[in-house]
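The chain contents come next:
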Amino acid sequence: SSDPLRAPLIRAPPLRAPTLRMINQDRPPSSPPRPLPASTPRQRNMQNAASASVGAVVTSLFVTPFEVLKVRQQACGSSGCGMVQLGQTLVRAEGATAFWAGLRPTLLMAVPSTVLYMGAYEHIRDAIQAAAARRRNGGGGALASLAPMLAGGSARVVTVVVAAPLELLRTRMQAAPAGGAADG
């Protein structure tokens, strides 16, 4: 008869909702904040370049260890190196910093490439949209709707052509054991 499931429920007093008291409640509200001044195209370009650069650096820091493992695993050939085993061997033989082999060329490639891509994309997109606006009656609407895709593809082609030599250098550095190649 001491069954906990059959024991009477304990009744707690009802909870009262807390009252919120705003800080400086007795003071009149201040004037609304002034809007920020509109940025110039040059300021927007600099802001885009800065944000693209930060994004490229953060991405490179997180992705480079996985790329090093991928390249080293490909170098193993058909012997079947496992990722975990390869990572453990890499740490024992070369230290944890080996995971970031080739980081400098990665950054030298990623930061300018990202800035180049963003700048080229916006410039090409704006040019296509301007051309479409001039040809509204002659099918410019279809061209305007394709502007992001055309600009993205064109900007990517420009970026790949510029970055390909650095990509080759980075891959060679990641494949080489520490001390085997200069880590730029």
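The rules we used
Residues numbered from 1 in each chain as written. Predicted model: local features only at pLDDT ≥ 70, side-chain atom pairs only at ≥ 80, totals over all residues. Heavy atoms only, no water. Core = buried A, V, L, I, M, F, W, Y, C linked by side-chain atoms within 4.5 Å. Buried < 20%, exposed > 50% of the residue type's maximum accessible area, 1.4 Å probe, protein only. Helix = DSSP H or I, 4+ residues; strand = E, 2+ residues; numbered from the N terminus. Contact = heavy atoms within 4.5 Å. 1 Å grid on protein atoms, 1.4 Å probe; cavity = no way out; pocket = protein on both sides within 12 Å on 5 of 7 lines; lining within 4 Å. Points joined across faces, edges and corners; volume = space filled by probe spheres on them. Nonpolar A, V, L, I, M, F, W, Y, C, P; charged D, E, K, R; others polar. Salt bridge = Lys/Arg side-chain N within 4 Å of Asp/Glu carboxyl O.

Q: Describe the nonpolar core, with residues and values.
A: Ranked by size, the top nonpolar core spans seven residues in total: Val68, Leu69, Leu86, Leu90, Ala98, Phe99 and Ala101. Among the secondary structure elements, those contributing two or more residues to this core are helix H1 (41-76) and helix H2 (83-94). Excluding residues that lie within four positions of it along the chain, Val68 makes contacts with Leu90, Ala98, Phe99, Ala101 and Gln174. Counting five residues, the second-largest nonpolar core is a separate cluster that includes Tyr117, Ala120, Tyr121 and Ala155.

Q: Can you explain the layout of surface pockets? Please cite residues and give values.
A: Put simply, the largest pocket is a space of about 410 Å³. Around the largest pocket sit 21 residues that line it, and Met109, Ala110, Ser113, Thr114 and Glu167 are the ones nearest its centre. Secondary-structure elements contributing two or more residues to the lining of the largest pocket are H1, helix H3 (103-134) and helix H4 (140-175). Grouping the amino acids of the lining of the largest pocket by side-chain chemistry returns nine nonpolar, eight polar and four charged.

Q: Requested: an account of the pattern of salt bridges, with residues and values cited.
A: A complete count under the given rule lists two salt bridges for this structure. The salt bridge partner of Arg72 is Glu94, with a shortest N-O separation of 3.0 Å. Of the two residues, Arg72 is situated in helix H1 and Glu94 in helix H2; the sequence distance between them amounts to 22 residues. Among the residues examined, Glu94 registers a relative accessible area of 23% and is labelled partly exposed. As a salt-bridge pair, Arg125 and Asp126 come within 3.2 Å of each other at their nearest N and O atoms.

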